[in-house]
Amino acid sequence: MVHTHDHKICINTALIEAERLCNQRGTRFTELRKQILEMVWQGHKAVKAYDLLDQLASKGGSAKPPTVYRALDFLMEEGLVHKIQSLNAYVGCPHPGKNHVSQFLICDGCENVNEVGSIELDHALASASENAKFQVKRQTIELHGLCFECQKRSAD
Ligand SMILES: [Zn+2]
Ligand SMILES: [Zn+2]
Ligand SMILES: [Zn+2]
């Protein structure tokens, strides 16, 4: 699916939704934050912070690393992007504003990241940690493998 669709729609939807949520919450969707969100959404691959810095610099921007990290922190707090820990990179959230659980399917072929949300898995983990009297601070579920498109391509 991620290989054959009009990605402009993904980008536009993400930007409009981000603007709407920030207005609603009274948080500031500044030009830089918007620019960075748009760059994260240039595809469905996870994007690294230094790639964002390179791109900003090539556009003549003068954003320093801390500025970019702060913008990314903001976007994460607002639920507009997620951090992929195993890649130390960021992806746009396709359904921000909704309370959701996420697990990530990461393709090692095309590097696309697909966000899925299994409530059952979330419940199972919650009760397992509760039984162990373990206080969860951060939950990261990232699966690496090959997406359907890449499986087909490697079978050719
Ligand atoms: Zn897309
Ligand atoms: Zn999400
Ligand atoms: Zn793939």
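This text follows the structure it describes.
Quick caveat: nothing in here was measured; it's all calculated off a predicted structure. (Residues numbered from 1 in each chain as written. Chains lettered and ligands numbered in written order. Predicted model: local features only at pLDDT ≥ 70, side-chain atom pairs only at ≥ 80, totals over all residues.)

Another aspect to go through is the overall build of the protein chain. On a plain count of helices and strands, the protein chain comes out with six helices and five strands. Helices and strands in the protein chain line up, N terminus first, as α-α-α-α-β-β-β-β-α-β-α. Dimensions of the protein chain, computed from C-alpha atoms along their principal axes, come out at roughly 50 × 45 × 25 Å. Out of the 156 residues belonging to the protein chain, those deemed buried represent 21%. (Helix = DSSP H or I, 4+ residues; strand = E, 2+ residues; numbered from the N terminus. Buried ≥ 20, exposed ≤ 12 C-beta atoms within 10 Å, placed from the backbone.)

A few words on the sheet that holds strand β4 (residues 113-116). Read across the open sheet, the three strands follow the order β4-β3-β5; overall the sheet is mixed. At either margin of the open sheet sits one strand with a lone partner, and together these are β4 and β5 (142-145). Across the sheet, the mean angle from the axis of one strand to that of its neighbour is 20°, orientation sign disregarded. When strand β3 (residues 103-107) meets β4, the two strands line up antiparallel, connected through four bridges. Bridging from a neighbouring strand, F104 pairs with E115 of β4. (Pairing = 2+ DSSP bridges. Axes fitted to C-alpha atoms, helices over the stretch in contact; angles between N-to-C directions.)

This brings us to the pairing of strand β1 (residues 81-84). Here β1 runs beside strand β2 (residues 89-92); their pairing, made up of four bridges, is antiparallel. The residue of β2 that forms the bridge with K83 is Y90. A loop of four residues connects β1 with β2, the two strands running antiparallel in sequence, and N88 in this loop sits at a positive phi of about 50°.

Right, let's get into the nonpolar core. In this structure, L37, V40, L75, V81, I84 and Y90 are the most contacted members of the largest nonpolar core, which totals 27 residues. Among the secondary structure elements, those contributing two or more residues to this core are α1 (7-25), α2 (31-40), α3 (49-58), α4 (65-77), β1, β2 and β3. With four residues, the single largest contributor to this core is α4. Setting aside chain neighbours within four positions, we find Y90 in contact with V40, A46, V47, L72, V81, H82, K83 and I84. (Core = buried A, V, L, I, M, F, W, Y, C linked by C-beta atoms within 7 Å. Contact = placed C-beta atoms within 7 Å.)

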